[in-house]
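Structural description and commentary
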Amino acid sequence: MSDRRSIESILSELGKKLDHLIAETKKAGTKVSQEMESKIQHLKTQKDKLEEEVRNRSRSSSEGWSHAKGHFNDAAGSIRKALKVLFKKDSI
């Protein structure tokens, strides 16, 4: 979970830096600005795709854990029942 937060933090910071870079290139001049803005927009698109992938993987992991957790709970219940049966037979 902390890895996900770390990745989200890095991507957020990257987004801020890209926005700052766009503002700085606009000050530099028209030709440089157009070329740089195009490249920066491409980077922002890639960043957005990566953020979406992180969110999707995060959801998948959570759903997978919830599903697995249910099976663990079922298994623990079965083990408890089995232990009760074993200990009742030994005490009789």
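It should be noted that the structure appears before, not after, this text.
Quick summary incoming for the structure in this document. Keep in mind the model is a prediction, meaning the values are calculated, not measured.

**Overview of the overall build of the chain**
Secondary structure summary: the chain contains two helices and zero strands in total. Residues classed as buried in the chain amount to 13% of the 92 residues present. Taken as a whole, the chain presents about 7,700 Å² of accessible surface, with 57% of it coming from carbon and sulfur.

**Some thoughts on the environment of glycine 15**
Tracing the chain through its elements places glycine 15 in helix H1 (residues 2-28). Separated by 33 residues in the primary sequence, glycine 15 and aspartate 48 place their C-alpha atoms 8.8 Å from one another.

**Observations concerning a nonpolar patch on the surface**
A contiguous nonpolar patch, built from Ile79, Leu83 and Phe87 and spanning about 320 Å² of accessible area, is present on the exposed surface. Topologically, leucine 83 is positioned in helix H2 (residues 30-91). Since its relative accessible area comes to 40%, leucine 83 is described here as partly exposed.

**Describing the pattern of salt bridges**
Scanning the model with the defined rule gives three salt bridges in all. In this structure, lysine 47 engages aspartate 48 in a salt bridge whose closest nitrogen and oxygen atoms are separated by 3.4 Å. Here lysine 47 makes a salt bridge to glutamate 51, at a shortest N to O gap of 3.2 Å. Here lysine 47 and its partner glutamate 51 are both found in helix H2, four residues apart, which amounts to about one turn of the helix. Accessibility expressed as a relative area gives 10% for lysine 47, which makes it buried. A cluster of three or more residues bridged by salt bridges with shared partners is formed by Lys47, Asp48 and Glu51.

**Observations regarding a positive patch on the surface**
A cluster of basic residues, Arg80, Lys81, Lys84 and Lys88, forms a positive patch on the protein surface. Looking at where lysine 84 falls in the secondary structure, it is placed in helix H2.

About the thresholds
- Residues numbered from 1 in each chain as written.
- Predicted model: local features only at pLDDT ≥ 70, side-chain atom pairs only at ≥ 80, totals over all residues.
- Heavy atoms only, no water.
- Helix = DSSP H or I, 4+ residues; strand = E, 2+ residues; numbered from the N terminus.
- Buried < 20%, exposed > 50% of the residue type's maximum accessible area, 1.4 Å probe, protein only.
- Areas by Shrake-Rupley, 256 points an atom, 1.4 Å probe, with all protein chains shown as cover.
- Patch = residues over 30% accessible without salt bridge, like charges linked within 9 Å, V, L, I, M, F, W, Y side chains within 5 Å.
- Salt bridge = Lys/Arg side-chain N within 4 Å of Asp/Glu carboxyl O.
- Lys, Arg positive; Asp, Glu negative; His and termini not counted.
- Charge placed at Lys NZ, Arg CZ, Asp CG, Glu CD.

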